[in-house]
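# Observations on the model geometry
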Amino acid sequence: MVLEVENLNVNYRETTALEKVSFSASPGEMVGIIGPNGGGKSTLVKAILGLVPIEGGIVKFRDRAIKKQMRSVAYVPQRAQIDWDYPITVWNVVMMARTLHTKWLRKPSRESQQIVKSALERVGMFKWHSRQIGELSGGQQQRVFLARALAQQAELFLFDEPFSGVDKATESVMYDVFAELKQNGKLLMVITHDLGTSLTKCDSLLLLNKQIIANGSFKQVITAENIQKAYGGSVLLFTGEEV
Ligand code: ADP
Ligand code: MG
């Protein structure tokens, strides 16, 4: 197991967001994090990143505390949480990933420039490199953030609702890149807010509503009982089937 989360608790002032969350995941896996709105999905990812204080619990990556290995963890936040008016070019958004490796004030190395260029090419966004990020469509912005994650050359990738509001072309670029990352032994954790086709791309699912309701294969997780527990009612699947 490359990622081990044990007994994680997160409380915001009046809200318990996560309670006794434990799970583990292996390299080369894509784990889908699902659950109702407010179920703690974003909080789980932020807790793994150390962006919210955790009370009790441990997050270990490669057998060590994850805190000192942030360079190996790439994060793409929910689109709604990003300030798109911030004046920065596409190129510099992706270059930010390299400053973890070099330093801000130092001129980016030739190697970093090459890595940024190929990351942008990989997601079909190189020709937009000098555009302001705020001038792009939602799908294009999402691809630029994917490029940033790639340029970081991380081992663990955390995506918060990457499929929300993106066009089909972007979606298929993302699926391709995710498959490639998996093949290279990376671990991907992907939050999805609906029970859409993206679930079929996941190797395992984590159904979350404060606590982990279920964790395992699609068949193990998507049962009427689990869905009732997590959502308090039935839901409509992408197959048209009601669970
Ligand atoms: P999800 O991503 O599954 O929709 P979140 O992790 O965003 O869920 O939220 C889990 C719970 O924690 C919700 O009840 C939400 O209102 C609350 N919450 C999230 N962020 C904060 C915050 N910064 N301060 C206070 N409460 C928060
Ligand atoms: Mg969320």
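Let me sum up the structure you'll find in this document. (Residues numbered from 1 in each chain as written. Chains lettered and ligands numbered in written order. Predicted model: local features only at pLDDT ≥ 70, side-chain atom pairs only at ≥ 80, totals over all residues. Heavy atoms only, no water.)

## Side note on the site of ligand 1
Threshold: It suffices for a single heavy atom of a residue to lie within 4 Å of a molecule or strand for the residue to be listed as near it. For the purposes of these results, a polar contact is taken to be a pair of N or O atoms within 3.5 Å, where, inside protein, one atom must be able to donate a hydrogen and its partner to accept one; residues adjacent in sequence count only when each atom of the pair is a side-chain atom. To be clear on the numbers: accessible area is Shrake-Rupley with a 1.4 Å probe, and residue cover counts the displayed protein chains and nothing else. A run of DSSP states H or I qualifies as a helix once it reaches four residues; a run of E qualifies as a strand once it reaches two. Both are numbered from the N-terminal end.
The environment of ligand 1 is formed by Tyr-12, Thr-15, Ala-17, Pro-36, Asn-37, Gly-38, Gly-39, Gly-40, Lys-41, Ser-42 and Thr-43. Separating an oxygen atom of ligand 1 from a backbone N or O atom of Gly-39 is a distance of 3.2 Å. Relative to its unbound accessible surface of 560 Å², ligand 1 loses 58% to contact with the protein. A total of three residues in the shell around ligand 1 trace back to one element, the largest contributor, which is helix H1 (residues 41-49).

## Some thoughts on the packing of helix H3 (residues 110-122) against helix H4 (residues 138-151)
In a pair of packed helices, the angle between the axes and the distance between the axes together describe the arrangement. Operational definition: To get an axis, fit a line to the C-alpha atoms, keeping to the stretch in contact for a helix; angles then go from 0 to 180 degrees between the N-to-C directions. Angles below 35 degrees are treated as roughly parallel, those above 145 as roughly antiparallel, those between 65 and 115 as roughly perpendicular, and all remaining angles as oblique. Left-handed is the label given to a crossing in which the near helix is rotated counterclockwise from the far helix by less than a right angle, and right-handed is the label when the rotation is clockwise. Working rule for contacts: check all heavy atoms of both residues, and any pair within 4.5 Å makes them a contact. Here the term charged refers only to Asp, Glu, Lys and Arg, the term nonpolar to Ala, Val, Leu, Ile, Met, Phe, Trp, Tyr, Cys and Pro, and the term polar to all other amino acids, Gly among them.
For the pair H3 and H4, interaxial distance at closest approach is 8 Å and the crossing angle is 140°. In this view, H3 runs oblique relative to H4, as classed from their interaxial angle. Crossing geometry of H3 relative to H4 is assigned as right-handed. Contact with H3, carried on its side by Ile-115, Ala-119, Leu-120 and Arg-122, involves Ala-147, Leu-150 and Ala-151 of H4 and no other residues of that element. Split by residue class, the contact of H3 with H4 holds six nonpolar, no polar and one charged.

## Considering unusual backbone geometry
We apply this condition: For every residue, the accessible area (1.4 Å probe, protein chains only) is compared with the maximum for its type, and the residue is labelled buried under 20%, exposed over 50%, or partly exposed between those bounds.
One non-glycine residue, Asp-63, lies in the positive phi region at around 70°. Within the secondary structure, Asp-63 is located in the loop between strand E4 (58-61) and strand E5 (64-65). Taking relative accessible area as the criterion, Asp-63 reaches 61% and is therefore assigned exposed. Within the chain, Gln-153 stands out as a residue other than glycine whose phi angle is a positive 50°. Structurally, the position occupied by Gln-153 is in the loop between H4 and strand E7 (156-160).

## Quick notes on the packing of aromatic side chains
Put simply, the rule is: For Phe, Tyr and Trp, rings pair up if their centres lie within 6.5 Å, where Trp contributes its six-membered ring, and each pair is then called stacked (planes under 30 degrees apart), edge-to-face (over 60) or tilted (otherwise). When the NZ atom of lysine or the CZ atom of arginine is within 6 Å of a ring's centre and also within 35 degrees of its normal, the charge is said to sit over that ring.
Across all of its chains, the model carries five aromatic pairs by this definition. Pairing Phe-163 with Phe-178 gives two aromatic rings, centres 6.1 Å apart and planes at 65°, and the pair type is edge-to-face. A residue pair is termed long-range when its members are at least 10 positions apart, and Phe-163 in the loop between E7 and helix H5 (168-183) and Phe-178 in helix H5 qualify at 15 residues. Three or more aromatic residues link up through ring pairs in this structure, and these residues are Phe-157, Phe-159, Phe-163, Tyr-175 and Phe-178. The ring of Phe-126 has Lys-117 sitting right over it, with the charged end atom 5.2 Å from the ring centre. In this structure, Lys-201 is placed above the aromatic ring of Tyr-175, and the distance from its NZ or CZ to the ring centre is 4.4 Å.

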